[in-house]
Amino acid sequence: MAKAATEKKPVVKKKTEPNKKALVKDKSKAKYYFTAKNSVKVVQDRSGPKANKRVKYLVDTLVEHLHAFIKEARPTMDEWMYGINYLTRTGHLSTDWRQEFILLSDVLGISMLVETLNHDKMSGETESTVLGPFYVANAPQYHNGANICLDGKGVPILVYGKVTDSRGQIIPGATLDVWQANEDGFYDVQQKGVQPDMNLRGVFTSDNKGRYSFRSAYPRHYPIPYDGSVGDMLKALDRNPNRPAHLHFMVSAPGYEKLVTHIFTPDCPWLKDDAVFGVKESLIGDFRMVDDAKRSAELGFPNPFYEVEWNIVLSKA
Ligand SMILES: [Fe+2]
């Protein structure tokens with residue numbers, strides 16, 4: 001009997017080679033090594049199947065552009081560490097009273113770009129602009145006509161107007177949160193103990209005819225906070241830190257999109273060189289000097305004073 005016919009051949013264990021192609025295809029098991037060439041993909045492929053789609057899209061796109069920046073600009077190790085320390089310092093400087101990260105976004109034109117791209121379909125509505133770093137929630141609520149200039153400093157102004165939709169329909173009950181710098185170019189939060197808390201801030205409500213009004217003081221241009229990480233960057237870039245004089249508005253009403261905007265004074269020398277790129281031509285107000293002894297007496301103002309009519313048109317939500 002031929003022995004060989006029934007005998008099994010000894011099994012030679014084959015070394016199992018990982019199927020590289022399969023690994024690359026299976027994103028949940030991406031195990032290929034990082035190289036400069038595939039850097040974007042290797043990071044993006046680490047996401048798992050349960051990744052939030054929107055977060056993944058935003059982070060993947062951010063990684064793509066950040067890696068492109070690094071490959072083009074080629075920062076040294078010291079420069080990379082400077083960047084890490086710079087962002088760390090920016091975070092440490094941010095508190096309830098100071099928002100260095102918003103400021104960084106502002107001076108890089110990011111805030112204005114996000115704002116502009118999100119409000120590009122306008123049909124007569126009031127244009128929006130940056131929030132800025134000086135908004136404080138829970139400002140005092142006032143009746144229309146109240147004076148928000150608590151220390152009486154500066155040239156008095158009367159601000160009034162109405163809130164409507166784009167078809168001219170009045171909007172009663174709209175909330176108008178306003179805030180501004182004083183005649184020296186400082187917000188109350190920058191001068192604790194010098195200005196009264198909540199100076200030049202207030203929340204108003206449009207009346208049953210959609211009207212609002214308040215008294216205040218003519219604002220002055222001001223430099224953005226210049227003593228932190230953002231100031232260091234502007235100095236290194238030889239950039240102007242000034243913002244043209246303005247009043248901030250945040251207007252909201254049920255059924256309408258919240259509007260964040262400014263009124264700029266027309267005579268400010270920094271209108272065309274805003275450090276945070278916030279000026280839009282439609283937001284320059286017509287501040288008129290009023291010489292009327294009777295009206296100024298009624299308002300409790302010296303004569304003459306300034307007034308500006310500022311009508312606000314909201315977009316449907
Ligand atoms: Fe401001």
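Nothing here was measured: the structure is a model prediction, and the numbers come from that model.

S.K.: Give a description of the overall build of the protein that names residues and reports values.
M.R.: A count of helices and strands for the protein gives nine helices and eleven strands. Per-residue burial over the protein gives 27% buried out of 317 residues. Once local pairs closer than 6 in sequence are excluded, the contacts in the protein between residues at least 24 apart make up 67%.

S.K.: Residue-level account of the pairing of strand β2 (residues 175–180), with values.
M.R.: Within β2, five of the six residues are buried, which leaves the element mostly enclosed by the surrounding structure. One ladder, built from five bridges, connects β2 with strand β3 (residues 201–205); its direction is antiparallel. Paired with Val 178 across the two strands is Gly 202, which belongs to β3. Where β2 meets strand β7 (residues 246–252), six bridges bridge the pair, whose relative direction is antiparallel. Bridging across to β7, Val 178 finds its partner in Phe 249.

S.K.: Give a description of the packing of helix α6 (residues 100–107) against helix α8 (residues 229–236) that names residues and reports values.
M.R.: The contact between α6 and α8 brings their axes to 9 Å, and the two run at 25°. In terms of orientation, α6 and α8 fall into the roughly parallel class. Here Glu 100, Leu 103, Leu 104 and Val 107 of α6 come into contact with α8, specifically with Ser 229, Val 230 and Leu 234.

S.K.: Give me the pairing of β7: which residues, what numbers.
M.R.: β7 sits mainly inside the fold: five of its seven residues count as buried. Across six bridges, the pairing between β7 and strand β8 (residues 259–264) is antiparallel. Residue pairing in the sheet places Val 251 in a bridge with Leu 259 of β8. The turn joining β7 and β8, which pair antiparallel and follow one another in sequence, is formed by six residues; a positive phi near 90° is taken by Gly 255.

Cut-offs and rules
Residues numbered from 1 in each chain as written. Predicted model: local features only at pLDDT ≥ 70, side-chain atom pairs only at ≥ 80, totals over all residues. Helix = DSSP H or I, 4+ residues; strand = E, 2+ residues; numbered from the N terminus. Buried ≥ 20, exposed ≤ 12 C-beta atoms within 10 Å, placed from the backbone. Contact = placed C-beta atoms within 7 Å. Pairing = 2+ DSSP bridges. Axes fitted to C-alpha atoms, helices over the stretch in contact; angles between N-to-C directions. Parallel < 35°, antiparallel > 145°, perpendicular 65-115°, else oblique.

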